[in-house]
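Residue-level listing of the chains:
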There are 2 protein chains.
Amino acid sequence: MTLSMHSASVPVFVRMLGNVTSWLDKAEAHAAQKKFDTAVYLSSRLAPDMLSFTQQVQIACDAAKFCVARLAGVESPKFADDETTLAALRDRVARTVAYVQSVAPASIDGTDDKEITVPRRDGAITLPGDVYLRQFVLPNFYFHVTTVYALLRHNGVPLGKGDYLGSLQADPAR
Amino acid sequence: MTLSMHSASVPVFVRMLGNVTSWLDKAEAHAAQKKFDTAVYLSSRLAPDMLSFTQQVQIACDAAKFCVARLAGVESPKFADDETTLAALRDRVARTVAYVQSVAPASIDGTDDKEITVPRRDGAITLPGDVYLRQFVLPNFYFHVTTVYALLRHNGVPLGKGDYLGSLQADPAR
């Protein structure tokens, strides 16, 4: 199947956010086994001036949500950043997956040259859709997903590369 | 420009490995300012059973190198995993960038359906080119690149999201 704006985005988000959900499940089981409150994960950071675990999950979700909304040219759903439990974060991930799957693939395919404007702290930038996806969305999405994984590993959750990548045989896009 | 197997891989590797080089430069300056040996970075890990900083850089490079070689159907250069200094890692990154840029884009474009076999610990798997790129190469590449960044941040190197993403205006693929 030819690589496309949809196949390079939505199935990637769905796969990786599905993997994140399984990491959260393992994090919960690990906390239960070691008898600590799962809230410990939520405030953890890799450096004092990096974002917390909760924010890493929220931004991973938003990276997927905004990509789909901007490429398709539709309003994205608003998610309050009010999660205070692992269960609420799992729900945020599930709502994100449901949203990105709800947008018609045809409204994302063919947006390679569509001008996408991204608000940034130092002023908005406008990029063609394919550059937006390759240079902004995917590096940003993977940054936050990997940092979620790294924080769980740093906190002792038994995860491995197989958990990070997920099954390599199933692919919803094919 | 339409997203393609080449535009979704080589320019991404070149951009992000260029960013890694600038992080290594800042790591060196940070160590000089704080008067510690840069070798401290090389053995650092986010968890005792995760790979070291040196290995994270090596594998990020190999993810890019093997992707290009497998898609293009050519033999990849062999890089000895013998780096013991930050300067040697910087050179590994430079050799990787030079290699992925040396392969003709036309030999990578159109490999969407090409069968790619990936040796893995639990047996080789075969995936179509686009699935190989989306589900294996890019998550793996970003995992190691992000972990390099996270290790430097964890060790106090003053880096921010701008360093991670790099400039969003320049794009060698357009």
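Parameters at a glance
Residues numbered from 1 in each chain as written. Chains lettered and ligands numbered in written order. Predicted model: local features only at pLDDT ≥ 70, side-chain atom pairs only at ≥ 80, totals over all residues. Heavy atoms only, no water. Helix = DSSP H or I, 4+ residues; strand = E, 2+ residues; numbered from the N terminus. Rg over C-alpha atoms; globule rule 2.2 N^0.38 Å. Buried < 20%, exposed > 50% of the residue type's maximum accessible area, 1.4 Å probe, protein only. Least-squares fit on C-alpha atoms with pLDDT ≥ 70 in both. Contact = heavy atoms within 4.5 Å. Pairing = 2+ DSSP bridges. Buried area = accessible area lost by both parts, 1.4 Å probe. Salt bridge = Lys/Arg side-chain N within 4 Å of Asp/Glu carboxyl O. Polar contact = N/O pair within 3.5 Å; in protein donor to acceptor, adjacent residues only side chain to side chain. Nonpolar A, V, L, I, M, F, W, Y, C, P; charged D, E, K, R; others polar. Core = buried A, V, L, I, M, F, W, Y, C linked by side-chain atoms within 4.5 Å. Phe/Tyr/Trp six-rings, centres within 6.5 Å; stacked < 30°, edge-to-face > 60°. Lys NZ or Arg CZ within 6 Å of the ring centre and 35° of its normal. Axes fitted to C-alpha atoms, helices over the stretch in contact; angles between N-to-C directions. Parallel < 35°, antiparallel > 145°, perpendicular 65-115°, else oblique. Left-handed = near helix turned anticlockwise from the far one by under 90°.

Draft legend 1. Local environment of the overall build of chain A. What chain A contains, in helices and strands, is six helices and two strands. Taken from the N to the C terminus, the helices and strands of chain A come in the order α-α-α-α-β-β-α-α. Whereas a compact globule of 174 residues would reach a radius of gyration of roughly 16 Å, chain A reaches 16 Å, a difference of no more than 12%. For chain A, the spread of C-alpha atoms along the principal axes amounts to about 50 × 40 × 25 Å. Counting all 174 residues of chain A, 56% fall into the buried class.

Draft legend 2. Region of the structure containing the relation of the copies chain B and chain A. The transform that puts chain B on chain A rotates by 180° and translates by 0.0 Å along the axis, for an RMSD of 0.0 Å. Classification of the inter-copy transformation places it as that of a two-fold axis. Both copies share a contact surface, since 100% of the interface residues of chain B are interface residues in chain A too.

Draft legend 3. Spotlight on the pairing of strand β1 (residues 115-118) of chain B. All names here are of chain B. Residues I116 and V118 line the buried face of β1, whereas the alternating positions E115 and T117 sit on a face that is not buried. Bridging between β1 and strand β2 (residues 125-128) involves four bridges; their strand directions are antiparallel. Bridging from a neighbouring strand, T117 pairs with T126 of β2. If you look at the hairpin formed by β1 and β2, you'll find six residues sitting between the two strands, and G123 has a positive phi there, around 110°.

Draft legend 4. Summary view of the interface of chain B and chain A. Each partner contributes to the interface: chain B provides 49 residues, whereas chain A provides 49 residues. Across the chain B to chain A interface the summed buried area is about 4200 Å²; carbon plus sulfur atoms make up 58%. Its largest share of buried area at the contact with chain A, chain B owes to L3, R134 and Q135 of chain B, together 18% of the area lost on that side. At the boundary of chain B with chain A, the tally comes to two salt bridges. Taking the shortest distance from any N to any O, the salt bridge between R153 of chain A and D49 of chain B comes out at 2.9 Å. Seen at the junction of chain B and chain A, the total is 18 residue pairs in polar contact (both at pLDDT 80 or more). Counting only elements with at least two residues in the side of chain B that touches chain A, the list comes to α1 (10-34), β2, α5 (129-154) and α6 (161-165) of chain B. Sort the elements by how many residues they give to the side of chain B that touches chain A and α5 of chain B lands first, with 18 residues. Residues of the side of chain B that touches chain A, tallied by class, amount to 27 nonpolar, 11 polar and 11 charged.

Draft legend 5. Structural view of the pattern of salt bridges. A complete count under the given rule lists 23 salt bridges over all chains for this structure. The residue R90 of chain A makes a salt bridge to E28 of chain A at a minimum N-O spacing of 2.6 Å. Remark: E28 of chain A occurs in helix α1 (residues 10-34) and R90 of chain A occurs in helix α4 (residues 86-102); sequence separation between them is 62 residues. A salt bridge links K26 of chain B to D163 of chain B; its shortest N-O distance comes to 2.9 Å. Placement of K26 of chain B in helix α1 and of D163 of chain B in helix α6 is noted, with a sequence separation of 137 residues between them. Among the residues examined, K26 of chain B registers a relative accessible area of 35% and is labelled partly exposed.

Draft legend 6. Spatial organisation of the side chain of S44 of chain A. Residues and elements named next belong to chain A. Here S44 is to be found in the loop between α2 (39-42) and α3 (53-72). Note on S44: relative accessible area 11%, which makes it buried. A distance of 3.3 Å separates the side chain of S44 from the side chain of N155, its partner in a polar contact.

Draft legend 7. Region of the structure containing the nonpolar core. Core analysis: the largest hydrophobic core is formed by 124 residues, its most contacted members being F53 of chain A together with F53 of chain B. Not counting chain neighbours up to four residues away, the residues in contact with F53 of chain A comprise L24, Y41, L42, S44, L86, L89, V148, L151 and L152 of chain A.

Draft legend 8. Main features of the packing of aromatic side chains. By the definition in use, this model includes 21 aromatic pairs over all chains. Considering the side-chain rings of Y132 of chain A and F136 of chain A, the 5.9 Å spacing of their centres and the 20° angle between planes classify their relative orientation as stacked. Taken together, the positions of Y132 of chain A and F136 of chain A, both in helix α5 (residues 129-154) and four residues apart, correspond to about one turn of that helix. Each member of the pair Y132 of chain A and F136 of chain A is classed as buried. Taking NZ or CZ as reference, K161 of chain A lies 4.8 Å from the ring centre of F143 of chain B, over its face.

Draft legend 9. Inspection of the packing of α3 of chain A against α5 of chain A at higher detail. All names here are of chain A. Direction vectors running N to C along α3 and α5 enclose 160°, while the axes themselves pass 9 Å from each other. Compared by their axis directions, α3 and α5 come out roughly antiparallel. The handedness of the crossing between α3 and α5 comes out as left-handed. Taken together, the residues of the contact of α3 with α5 sort by class into 18 nonpolar, five polar and one charged.

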